[in-house]
Amino acid sequence: MDKRQCEVEDVDGIDPDNEFHRSSPAPRRMFGYEWAGGYVAPSGYYSPEGDIDRIVSIVRNLLPSLGQARAHFADLGCGDGRVTLAVASKLQMKATGIDISPTEIESAQKQVDIMKLGQLVSFRNEDVFDADLNEFNIVYTYLLQPGLDRVLSRLVASQPPASRLIVICAAWEPTASVGLSQTDCYLDTVRKLTVWRLSTTNAD
């Protein structure tokens, strides 16, 4: 996320002319949506090492159920790409990061070149709410409600019959309407991480 792309919006209780309020995440617009409306990731927050290590561990444990050759990891709202890069480099699997900020994507791509991960990693400068998601079967995302439900509903709808889909959510959880079933919950990280699978009615 690029803070320079954030614009101050009129939100109840926020004075756009007040410098303290201008620095608050509450009135910011990121990903093209109001923070107050819940359509964005938290302002300027990057996944800490403890969470990244846990995410890598979760993905490693899930790979046998997907098959490493078929597994394609995605981080929706990837920021500077640190989660995407960690998963690809430590597990030697295909991984994609998607973010609306060109600055973040440029930074992430530089790391791909430095780490020589061009065969495994790609970054896309796109809005996660418009991006084509049907190639991914293991997804990580850190979005507030109701943006989380919106993007995961699209992800589920894009899956072919009998597909296997696993979603790792940080902090916030999707509602039942999305069509995912929770399988695991990890509380020993900076943020709660929950693991979700496509409902058995949609997958084998």
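Computed from a predicted structure; not experimentally measured. Residue numbers run consecutively from 1 along every chain, following the written order of its sequence. Only residues with pLDDT of 70 or above have their local features reported here, since the model is predicted, and side-chain atom pairs are shown and tallied only from 80 upward, although totals for entire chains, interfaces and linings are computed over all residues. Derived side-chain values reflect all non-hydrogen atoms in the structure, with water molecules and hydrogen atoms excluded from consideration.

The side chains of a regular strand alternate, first on one face of the sheet and then on the other. Should DSSP find at least two bridges between two strands, the strands are regarded as paired. The secondary structure listing takes helices from DSSP runs of H or I that are at least 4 residues long and strands from runs of E that are at least 2 residues long, numbered from the N terminus. Bridging between strand β9 (residues 180-186) and strand β10 (residues 193-198) involves 6 bridges; their strand directions are antiparallel. Its bridge partner being in β10, Q182 is matched across the sheet by W196.

Our focus in this paragraph is the side chain of T189. When you line up the elements, T189 lands in the loop between β9 and β10. Any residue under 20% of the maximum accessible area for its type is buried, any over 50% is exposed, and the rest in between are partly exposed; the area is computed with a 1.4 Å probe on protein chains only. Taking the relative accessible area as the measure of exposure, T189 reaches 15% and is therefore buried. Two residues form a contact once any of their heavy atoms are found within 4.5 Å. What T189 contacts, discounting residues up to four positions off in sequence, is D51 and R54.

Turning our attention to the pattern of salt bridges. Salt-bridge detection follows one rule: a side-chain nitrogen of Lys or Arg within 4 Å of a carboxyl oxygen of Asp or Glu. Evaluation of the coordinates by the stated rule reveals 7 salt bridges. For R54, the salt bridge identified is with D188, shortest N-O distance 2.3 Å. In this pair, R54 sits in helix α2 (residues 49-66) while D188 sits in the loop between β9 and β10, placing the two residues 134 residues apart along the sequence. Looking at R54, the relative accessible area reads 22%, which means it is partly exposed. Assessed through its relative accessible area of 54%, D188 is described here as exposed. Between E135 and R124 there is a salt bridge, and its shortest N-O distance comes to 3.2 Å. Of this pair, E135 sits in the loop between β6 (121-125) and β7 (138-141) while R124 sits in strand β6, placing them 11 residues apart in sequence. For E135, a relative accessible area of 39% gives the class partly exposed.

To continue, consider the confidence of the model for the protein chain. Considering every residue of the protein chain, the mean pLDDT works out to 79; 75% of them sit at 70 or more. Below a pLDDT of 50 lies the segment residues 200-204, which in the model reaches 9 contacts outside its immediate sequence neighbourhood of four places, other chains included. The predictor rates its confidence in each residue with pLDDT, a number between 0 and 100.

With that out of the way, let us pick up the nonpolar core. The biggest cluster of nonpolar side chains holds 34 residues, and the ones touching the most others in it are V59, F73, V87, M93 and Y140. Every element with two or more residues in this core is listed here: α2, α3 (82-91), α4 (102-115), β6, β7, β8 (166-170) and β10. The contacts of Y140, once residues within four sequence positions are left out, are S47, I55, F73, A74, D75, L76, V83, I168, A170, R191 and L193. Core analysis: the next-biggest nonpolar cluster, separate from the first, contains 22 residues, I98, L143, V156 and L165 among them. The term nonpolar core refers to a set of buried residues drawn from Ala, Val, Leu, Ile, Met, Phe, Trp, Tyr and Cys, joined through side-chain atoms within 4.5 Å.

This part takes up the environment of R82. Here R82 shows up in helix α3. On the accessibility criterion, R82 (33% relative accessible area) is partly exposed. Remark: the alpha-carbon pair of R82 and Y46, spanning 36 residues in sequence, is separated by 8.3 Å. Leave out the neighbours within four places in its chain, and R82 touches Y46, S47 and I52.

What follows deals with unusual backbone geometry. Backbone phi values are negative for most residues with the exception of glycine, while trans is the configuration of most peptide bonds. One non-glycine residue, Q92, lies in positive phi territory at about 50 degrees. Here Q92 lies in the loop between α3 and β5 (94-99).

Let us now look at the packing of aromatic side chains. Think of it this way: a Phe, Tyr or Trp ring, Trp meaning its six-membered ring, pairs with another when their centres are within 6.5 Å, and the plane angle makes it stacked under 30 degrees, edge-to-face over 60, tilted otherwise. Taken as a whole, this structure holds 1 aromatic pair when the rule is applied. Here, a charge over a ring is recorded when the distance from Lys NZ or Arg CZ to the ring centre is within 6 Å and its angle to the ring normal is within 35 degrees. The lysine or arginine in question, R150, covers the ring of F129, its NZ or CZ lying 4.8 Å from the ring centre. Above the plane of the ring of Y142 lies R191, whose end atom (NZ or CZ) is 4.3 Å from the centre.

Another aspect to go through is the packing of α2 against α3. Axes here refer to lines fitted to C-alpha atoms; in helices the fit is confined to the stretch in contact. Angles between the N-to-C directions go from 0 to 180 degrees. Direction vectors running N to C along α2 and α3 enclose 50 degrees, while the axes themselves pass 10 Å from each other. When the interaxial angle is binned, α2 and α3 end up oblique. The hand of the α2/α3 crossing is right-handed. Of α3, the residues touching α2 (which contributes I52, D53, I55, V56, V59, R60 and L63) are R82, V83, A86, V87, K90 and L91. Among the residues forming the contact of α2 with α3, the class breakdown is 9 nonpolar, no polar and 4 charged. Note on terminology: angles under 35 degrees are roughly parallel, angles over 145 are roughly antiparallel, angles of 65 to 115 are roughly perpendicular, and the others are oblique. Left-handed describes a crossing whose near helix is turned anticlockwise from the far helix through less than a right angle; right-handed describes the clockwise counterpart. Three residue categories are used. Nonpolar comprises Ala, Val, Leu, Ile, Met, Phe, Trp, Tyr, Cys and Pro, charged comprises Asp, Glu, Lys and Arg, and polar comprises the others, including Gly.

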